[in-house]
Amino acid sequence: AQDQQRWLTALMDGIERYAAQRGLGTAFMRIEKQTSEHAVLRERGYLETAALPTTALVIEWQDIDGYVAHLRRSSSNAAQTVRSERTRARKQGVTIRPVPADETNVMALYRLAHSHYIHKNGAEPAYTPDFFLRLAAALGEDLLIFEAQRNGSRTAMIGLVRSGELAWAAWLGFESNDRPDDFTY
């Protein structure tokens, strides 16, 4: 047990050093509780989630031009791809806009997010329509909802929970039928 603890500690030192040198974060998935691995992660201050964890995206830009400039620093191809896909989306009639977190939009977000979750995970999500309605009532303006439309028809939605300048993209859903490659994601 002592050898295992020493090796796990050395392994974690190496992983964290590697990540820090490259400006990366670290996350570990599906670590069983009551194991040496779990104990080492807890001692180092790693947090746990009830479900699979999400990642954080530090946004360093204010608009699409800033995003393209950010991409260009690491890949000129990625920057060009974004420009091309945005142009194609515009030509296909795609628009993205905020919508009020009223009952109609909250339920539309629920339906799309629910369907998308089942499609991606093969299981029912832990949330219910009632949860979305209560969340909207409790959060007010801190529940942000955006929709994508193609030629006037809703194709996708995203729900974000805002706290000050931070927002957590908690629910995402795409219309599963008649979805061309229109850069909605």
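Residues numbered from 1 in each chain as written. Predicted model: local features only at pLDDT ≥ 70, side-chain atom pairs only at ≥ 80, totals over all residues. Heavy atoms only, no water.

> Is there a simple way to explain the packing of aromatic side chains in this structure?
The geometry of two aromatic rings is summed up by the distance between their centres and the angle between their planes. By the definition in use, this model includes 9 aromatic pairs. Ring geometry for Tyr 110 and Phe 132: centres 5.5 Å apart, planes at 75 degrees, overall edge-to-face. In this pair, Tyr 110 sits in helix H5 (residues 103-121) while Phe 132 sits in helix H6 (residues 129-139), placing the two residues 22 residues apart along the sequence. Comparing Tyr 110 with Phe 132 shows no difference in burial state: the two are buried. For the pair Trp 168 and Trp 171, a centre-to-centre distance of 6.2 Å together with 55 degrees between the ring planes defines the contact as tilted. The exposure class of Trp 168 is partly exposed, given its relative accessible area of 44%. Judged by relative accessible area, Trp 171 falls into the buried class, the value being 7%. Put simply, the rings of Tyr 110, Tyr 117, Tyr 127, Phe 131, Phe 132, Trp 168 and Trp 171 pair up and form one aromatic cluster. (Phe/Tyr/Trp six-rings, centres within 6.5 Å; stacked < 30°, edge-to-face > 60°. Helix = DSSP H or I, 4+ residues; strand = E, 2+ residues; numbered from the N terminus. Buried < 20%, exposed > 50% of the residue type's maximum accessible area, 1.4 Å probe, protein only.)

> Looking at this model, I keep getting lost on the confidence of the model for the chain. Mind explaining?
Regions with low pLDDT should not have their predicted coordinates read in detail. For the chain, per-residue confidence averages 84 on the pLDDT scale, and 91% of positions sit at 70 or higher. When pLDDT is averaged over each element of the chain, strand S2 (residues 143-150) comes out on top at 92 and helix H2 (residues 36-43) at the bottom at 83. (pLDDT = per-residue confidence, 0-100.)

> Would you mind showing me how to read H6 here?
Along an α-helix, a turn takes 3.6 residues, which lines up residues three or four apart on a common side. For H6, every residue scored as buried is listed here: Phe 132, Leu 135 and Ala 136. Down the axis of H6, the smallest arc covering the buried residues is 100 degrees, so these residues share one side. Opposite the buried face of H6, by more than 90 degrees, sit the exposed residues Arg 134, Ala 137 and Ala 138. (Arc of directions from axis to C-beta.)

> Help me understand unusual backbone geometry, please; the structure alone is not making it clear to me.
Despite not being glycine, Asn 151 shows a phi value in the positive range, around 50 degrees. Here Asn 151 shows up in the loop between S2 and strand S3 (153-163).

> Looking at this structure, how should I read the sheet that holds strand S1 (residues 94-99)?
Hydrogen bonding along the main chain pairs the strands of a sheet, whether they run parallel or antiparallel. Reading across from one edge, S1-S2-S3-S4 is the order of the 4 strands in this open sheet, with antiparallel pairing throughout. Only two strands of the sheet have a single partner each, and these edge strands are S1 and strand S4 (166-174). Between one strand axis and the next, the sheet turns by 20 degrees as a mean value, whatever way the strands run. Here S1 pairs with S2 via 6 bridges, running antiparallel. In the strand pairing of S2, Val 99 is matched with Ile 145. (Pairing = 2+ DSSP bridges. Axes fitted to C-alpha atoms, helices over the stretch in contact; angles between N-to-C directions.)

> Explain the nonpolar core to me, please; I cannot follow it from the model alone.
Nonpolar side chains tend toward joint burial in soluble globular proteins. In terms of nonpolar packing, the biggest core is built from 16 residues, with Phe 132, Leu 143, Ile 145, Met 157 and Trp 171 touching the most fellow members. Looking at this core, the elements that each hand over two or more residues are H5, H6 and S2. Sorting elements by how many residues they give to this core places H5 first, with 7 residues. In this structure, Met 157 is in contact with Val 99, Asn 105, Ala 108, Leu 109, Leu 112, Ile 145, Phe 146, Glu 147, Trp 171, Leu 172 and Gly 173, ignoring residues within four places of it in sequence. (Core = buried A, V, L, I, M, F, W, Y, C linked by side-chain atoms within 4.5 Å. Contact = heavy atoms within 4.5 Å.)

> Which parts of the structure should I look at to understand helix H4 (residues 76-91)?
Given a rise of 1.5 Å per residue, 16 residues ought to cover 22 Å, and the 23 Å separating the end C-alpha atoms of H4 matches this to within 8%. The complete set of buried residues in H4 reads Ala 79, Val 82, Glu 85 and Ala 89. Across the axial projection of H4, the buried residues extend over an arc of 130 degrees, all falling on one side. Among the exposed residues of H4, those oriented more than 90 degrees off its buried face are Ser 76, Asn 77 and Lys 91. Lining the buried residues of H4 we find helix H3 (64-74) and S1. Phi turns positive, to about 85 degrees, at Gly 93, one or two residues after H4. (Expected span 1.5 Å × (residues − 1).)

> Sorry if this is basic, but what is going on with the packing of H5 against H6 here?
Two measures define how a pair of helices packs: the angle their axes make with one another and the distance between the axes. Contact geometry of H5 with H6 gives a least axis separation of 9 Å together with a crossing angle of 140 degrees. Taken together, H5 and H6 sit at an angle that is classed as oblique. The handedness of the crossing between H5 and H6 is right-handed. Along its contact with H5, which presents Glu 103, Val 106, Met 107, Leu 109 and Tyr 110, the element H6 presents Pro 129, Phe 132, Leu 133 and Ala 136. Looking at the contact of H5 with H6 residue by residue, the class counts come to 8 nonpolar, no polar and 1 charged. (Parallel < 35°, antiparallel > 145°, perpendicular 65-115°, else oblique. Left-handed = near helix turned anticlockwise from the far one by under 90°. Nonpolar A, V, L, I, M, F, W, Y, C, P; charged D, E, K, R; others polar.)

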